[in-house]
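# Observations on the model geometry
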Amino acid sequence: MPADPSVSIFDPVHVGVDEFGHPVRVPLIYRNLLIGGEPGGGKSTLLNLIVAHAALSLDCRLCLLDGKQVELGQWKSCADVFVGPDIMHALATLRRMQIVMDNRYAYLEVAGRRKTQRDDVFSPILVAIDEIAYFSATVGDKKTREDFAGLLRDLVARGRAVGIIVVAATQRPSSDIIPTSLRDLFAWRCAFRCTTNVSSDIVLGHGWADRGWSSNTISPTNPGVGLLIAEGGIPQLIKAAYLDDAACARIAIHAARMRADRKERAA
Ligand SMILES: Nc1ncnc2c1ncn2[C@@H]1O[C@H](COP(=O)(O)OP(=O)(O)OP(=O)(O)O)[C@@H](O)[C@H]1O
């Protein structure tokens, strides 16, 4: 019995609760999200929540890049593309995404529209990356890393209107990995515990630590707590909802089954 899709990528994603216990939901369509923080802070937890929502949204396609393979590996069966620790595959994938993006803009131009909408002829695509620094600063040579950083920047800068949503995580919130010009392209930013005020500011935006908002003040014994900021807003303390491995696996199986059923019905 095929399950009906119950969520859409056009719906806000439930990411956790605020300090008053109220649910926090993040609209991701037409936006991107940057996640930073020290190892163990909760980045993958948030990334997995978003990928789970996207996987259950039959109106969204998934493109996953994970140098460690295990952070997003459970969603492989739901993804159009899964890139492991292979910089050439990562580059080829982002180049393809760039072509898709250009073609979508060409379509919108002909259609006389400025952005994609629900039930459009093409589906939104979630591009989830864990971890940016692996591809932009660790593997490959200088040229391939620069190519990766350039392609990522272009997708983040231009993908929003055509439904390409980039959610990227890094445990190295430093200015070489996230230059201000890239950070400012992300409408949503979430800083889990950072080791310094400077690295917290690199994720949230310059000056927030001086105004009392630094993820350096988050206790290392409280993983999943982070500061979330939206374009033009002020940081908000959140505790991310937690999906353990078993829950992710169950959701991934269900989502993959729904996707396979839909494909069968369409054939
Ligand atoms: N919201 C949460 N509630 C409870 N525990 C959490 C939460 N978020 C994270 N944790 C705990 O913290 C651990 C580390 O979280 P997570 O893997 O998301 O961190 P990370 O920042 O991605 O680390 P790394 O950079 O090493 O990948 C989890 O395995 C879990 O035990």
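Residues numbered from 1 in each chain as written. Predicted model: local features only at pLDDT ≥ 70, side-chain atom pairs only at ≥ 80, totals over all residues. Heavy atoms only, no water.

### What about the sheet that holds strand E10 (residues 236-240)?
The pairing of strands in a sheet comes from backbone hydrogen bonds and takes either a parallel or an antiparallel form. Strand order in the open sheet formed by 10 strands is E2-E1-E10-E9-E8-E3-E7-E6-E4-E5, with mixed pairing between adjacent strands. Both edges of this open sheet fall to strand E2 (23-26) and strand E5 (81-83), since each of them pairs with a single strand only. The mean angle between the axes of side-by-side strands here comes to 25°, regardless of whether they run parallel or antiparallel. In the sheet, strand E3 (residues 33-36) pairs with strand E8 (residues 188-192) via 4 bridges, with the strands oriented parallel. Note that in E8 the partner of Gly36 across the bridge is Ala191. Lying over the sheet, helix H1 (residues 43-56) contacts strand E1 (13-18), E3, strand E4 (61-66), strand E6 (125-130), strand E7 (164-170), E8 and E10, oriented at roughly 160° with respect to E6. (Pairing = 2+ DSSP bridges. Helix = DSSP H or I, 4+ residues; strand = E, 2+ residues; numbered from the N terminus. Axes fitted to C-alpha atoms, helices over the stretch in contact; angles between N-to-C directions. Contact = heavy atoms within 4.5 Å.)

### Structural notes on the site of the ligand
In the neighbourhood of the ligand, 16 residues make up the surrounding shell, with Lys43, Ser44, Thr45, Gln171 and Ala240 lying closest. Between an oxygen atom of the ligand and a main-chain N or O atom of Gly40, the distance comes to 2.7 Å. Interatomic distance of 2.7 Å between a side-chain N/O atom of Lys43 and an oxygen atom of the ligand. Across the complex, the protein chains shield 71% of the 630 Å² of accessible surface that the ligand would expose by itself. Among the elements that line the shell around the ligand, the one with the most residues is H1, at 3 residues. (Near = heavy atom within 4 Å. Polar contact = N/O pair within 3.5 Å; in protein donor to acceptor, adjacent residues only side chain to side chain. Areas by Shrake-Rupley, 256 points an atom, 1.4 Å probe, with all protein chains shown as cover.)

### Re the UniProt feature "binding site: ATP" (unreviewed entry) in the protein chain
This chain's UniProt record puts "binding site: ATP" (unreviewed entry) on Gly37, Glu38, Pro39, Gly40, Gly41, Gly42, Lys43 and Ser44. Within the secondary structure, Pro39 sits in the loop between E3 and H1. Classification of Pro39 as exposed rests on a relative accessible area of 53%. When you line up the elements, Gly40 lands in the loop between E3 and H1. The exposure class of Gly40 is exposed, given its relative accessible area of 63%. (UniProt positions renumbered as here; feature names shortened; annotations may be inferred. Buried < 20%, exposed > 50% of the residue type's maximum accessible area, 1.4 Å probe, protein only.)

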